[in-house]
Amino acid sequence: MSFTVLCSFILAFYVVIWFFDSFFKSCMHYPYYAFLEGTGLKVGIFNFTWTTCAFNRFLYRWSKNLNRVLRKWYTCGYVVTVWLFLPFAVWTLFSFILQHVSQTIQISNVPEVKAMLPGVNIPASDFGVYLLAIGFSTVFHELGHALAAAQEDVQIISVGVYVFTMIPIAFVQLNVEHLNSLTITKRLKIYCAGIWHNITAAFVALLLFFSAPILFNIAYETGLGVRISDFTHDSPLKDVRGLEKGDIVTFINSCEIRNAHEWNYCLHMAHIRYGICTTAEFVAQNDEIMMETIKENDVVECCSKDDLYSFCFEYIEPKTVSDSVLPGQYSCLKPRDMVKEKFTKCTEIGGYSCPRGTHCLKPSLNNHTYLIIIQRENKHAVLYLGLPYDLHKTVFIDQYFPRLGLFSFFSPAQFEKLLRYIVLFSLGIAFINVIPCYGMDGHHIARSLIQLLAKHLNKNGDFITFFTVFTVVVGTGVTVPVFIYLFYKAISEGD
């Protein structure tokens, strides 16, 4: 499913909702409005909202039962959010802007910031997990505000969910008069509570992610390689001579793979140019060299243009030997025959050296093409001419192997995927909310911090108003264009 198809589906969904909403409002006016009021539903343009008061008593009861724990919990959250996460978020935002505005400025250790869109840079098959992770992250965020407010005896008017297109966003409505009657520090605890919940949710999800192999060890084995679980619709690896679902990959370019981490590591190492150690006898018996021709990009082509299964290999080692036992500097060979059995790789890092009796032959390729040898368990190796990126983005793998057939209906990889998205979205929601942008928690946090500063400096309300407006305008003016740019970049790169 592409981004265009997804947008078309969302548009069709809201057209249907709009049609029935208009129909019932015109034909069943009073019963329909009574239904909306009773259920807390409200339909808008590309959005709908659901609110309820059913959880208010539960939230108050829970906050009072855990009063002592929650007071310390949200005090810790206020300190971490204001003194650690807020400076980190501001530094990250301005470092990102500086790096993209000025090409001469390079700041190290800046976290990668990008928009995540299903069907664009997130597989459409992950759409359900994507929504679940966003839903959990926003609900847990608002739970922090609700519990912190209830702990300070602030009235909770209602809680609800606002769905924009297909993105669920939870919210909580508080009594503003009760909230403003609190001291500045107590208000800050309530404003920071949601961000603090997102930070802790991301941390716990990260711990569970790295602990998953241990947690599921009773029912699933790991360390046996990775199993191909699925492909994207446009994957170049799933043709007749490519990979198949259920294949167990054990090596990539002789780099051993035992789990998902090593799969990613070996794909990273696949960017290193290499040659294959080959005997002179093999070259003499299999060389099909034609007249050498040099292409414009300096790639030597020594095989027939009609030969789809042979590559031109350059004789690398030893370069200093004048009386080479090989027939020439280049040889036209079938790489599939060269790697039928276990093969030895030679790289520039190792001086292109090979064991005694063999020589290093490197495929003659341009700078944007790599020969990737994917070795499978009990099957012939798959040779792919392209980029390691193609495997990373279009092939889905699973490192878990069920000990019993009973457990084959579920894979912990799905649980890991959910945890990974919870980490990303929780940190993303915390990042967006801590920046002093209009309508976000950062707006109220900035105002409260300026009130604290004004109280310390004995300044009046004009000081608070001016610097609050100035901070929010600057924060909004910086943040909004950055996010528009990120979404534009994600869509343009996806196309």
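What you see is a predicted model; the values in this text were computed from it and never measured. The numbers attached to residues start from 1 for each chain and follow its sequence in the written order. Only residues with pLDDT of 70 or above have their local features reported here, since the model is predicted, and side-chain atom pairs are shown and tallied only from 80 upward, although totals for entire chains, interfaces and linings are computed over all residues. Heavy atoms throughout the structure, all of them, feed into the side-chain values; hydrogens and water do not.

A.B. asks: Looking at this structure, how should I read the overall build of the chain?
C.D. replies: Strands here mean DSSP runs of E at least two residues long; helices mean DSSP runs of H or I at least four residues long; both are numbered from the N terminus. When helices and strands are counted, the chain shows 14 helices and 19 strands. When the backbone C-alpha atoms are referred to their principal axes, the chain occupies close to 90 × 60 × 45 Å. With a 1.4 Å probe rolled over the protein chains alone, any residue whose accessible area is under 20% of its type maximum counts as buried; one over 50% counts as exposed, and the rest are partly exposed. For the chain, buried positions account for 44% of its 495 residues. Counting contacts in the chain only where the partners sit at least 6 residues apart, residues at least 24 apart contribute 70% of the total. With an accessible surface of roughly 28000 Å², the chain has 63% of that area assigned to carbon and sulfur atoms. Should any heavy atoms of two residues lie within 4.5 Å, those residues are considered in contact. Throughout, the Shrake-Rupley method with a 1.4 Å probe supplies accessible areas, and for residues the shown protein chains are the sole cover considered.

A.B. asks: I keep staring at the sheet that holds strand 1 (residues 41–44) and nothing clicks. Help me out?
C.D. replies: Each strand in a sheet pairs with its neighbour through backbone hydrogen bonds, running either in the same direction (parallel) or in the opposite one (antiparallel). Taken in spatial order, the four strands make up an open sheet running 1-2-3-4, and their pairing is antiparallel. Taken across any chain shown, the strands that pair with only one partner, and hence form the sheet edges, are strand 1 and strand 4 (167–174). With direction set aside, neighbouring strand axes in the sheet form an average angle of 20°. Packed on one face of the sheet, helix 2 (residues 29–39) meets strand 1 and strand 2 (47–52) and runs near 115° to strand 1. Strands pair, by our definition, only if DSSP identifies at least two bridges between them. Each axis is a line fitted through C-alpha atoms, and for a helix only the stretch in contact is used; angles between axes span 0 to 180 degrees, taken between their N-to-C directions.

A.B. asks: Just checking my understanding: could you explain the pattern of salt bridges for this structure?
C.D. replies: Oppositely charged side chains can pair when the atoms bearing their charge come close. Each reported salt bridge corresponds to a side-chain nitrogen of Lys or Arg within 4 Å of a carboxyl oxygen of Asp or Glu. Applying the stated criterion across every chain, the model contains 12 salt bridges. Of the charged contacts in the structure, one is a salt bridge between D398 and R227, with a shortest N-O distance of 3.2 Å. Within this pair, whereas D398 is found in strand 18 (residues 395–398), its partner R227 is found in strand 6 (residues 226–231), the two being separated by 171 residues in sequence. With relative accessibility at 22%, the residue R227 sits in the partly exposed group. Linking K379 and E244 is a salt bridge whose minimum nitrogen-to-oxygen distance equals 3.2 Å. Separated by 135 residues along the polypeptide, K379 in the loop between strand 16 (370–376) and strand 17 (382–386) and E244 in the loop between strand 6 and strand 7 (248–252) bring together distant segments of the chain. Judged by relative accessible area, K379 falls into the partly exposed class, the value being 39%. Look at E244 and you get partly exposed, because its relative accessible area is 41%. Among the charged side chains, a salt-bridge network with shared partners connects E244, D247, R376 and K379.

A.B. asks: It is not clear to me how the UniProt feature "transmembrane region" (unreviewed entry) in the chain should be interpreted in this structure. Could you clarify?
C.D. replies: As recorded in UniProt, the sites labelled "transmembrane region" (unreviewed entry) are residues 5–24, 30–55, 76–98, 127–144, 156–175, 195–220, 418–435 and 463–488. Between the end C-alpha atoms of residues 5–24 the distance is 29 Å, and the span holds 100% helix and 0% strand. Its end C-alpha atoms 6 Å apart, residues 156–175 is made of 0% helix and 85% strand. UniProt positions are given in the numbering used here, feature names are shortened, and annotations may be inferred rather than shown by experiment.

A.B. asks: How should I be thinking about a nonpolar patch on the surface in this particular structure?
C.D. replies: A grouping of L11, V15, I45, F46, F164 and I169 is seen on the molecular surface, where their side chains present a nonpolar patch of about 560 Å² in accessible area. Mapped onto the elements, L11 comes out in helix 1 (residues 3–27). Exposure above 30% relative accessible area and no salt bridge define the residues that can form patches, which grow by joining like charges within 9 Å and nonpolar side chains of Val, Leu, Ile, Met, Phe, Trp and Tyr within 5 Å.

A.B. asks: Honestly, the packing of aromatic side chains in this entry has me stumped. Any pointers?
C.D. replies: The geometry of an aromatic ring pair comes down to the distance between the two centres and the angle between the two planes. Pairing of aromatic side chains here covers Phe, Tyr and the six-membered ring of Trp, requires ring centres within 6.5 Å, and sorts the geometry by plane angle: under 30 degrees stacked, over 60 edge-to-face, intermediate tilted. Applying the stated criterion to the full structure yields 28 aromatic pairs. With a centroid separation of 5.3 Å and an interplanar angle of 80°, the aromatic rings of F19 and F20 are classed as edge-to-face. With a centroid separation of 4.7 Å and an interplanar angle of 50°, the aromatic rings of F463 and F467 are classed as tilted. Of this pair, F463 and F467 both sit in helix 14 (residues 461–494), four residues apart, which is roughly one turn of the helix. The exposure class assigned to F463 is buried, which follows from its relative accessible area of 17%. K345 extends its terminal NZ or CZ atom over the ring of Y274, reaching a point 5.7 Å from the ring centre. In this scheme, the term charge over a ring applies when either NZ of a lysine or CZ of an arginine sits within 6 Å of the ring centre and within 35 degrees of the ring normal. Over the aromatic face of F396 sits the side chain of K417, whose NZ or CZ is 5.9 Å from the ring centroid.

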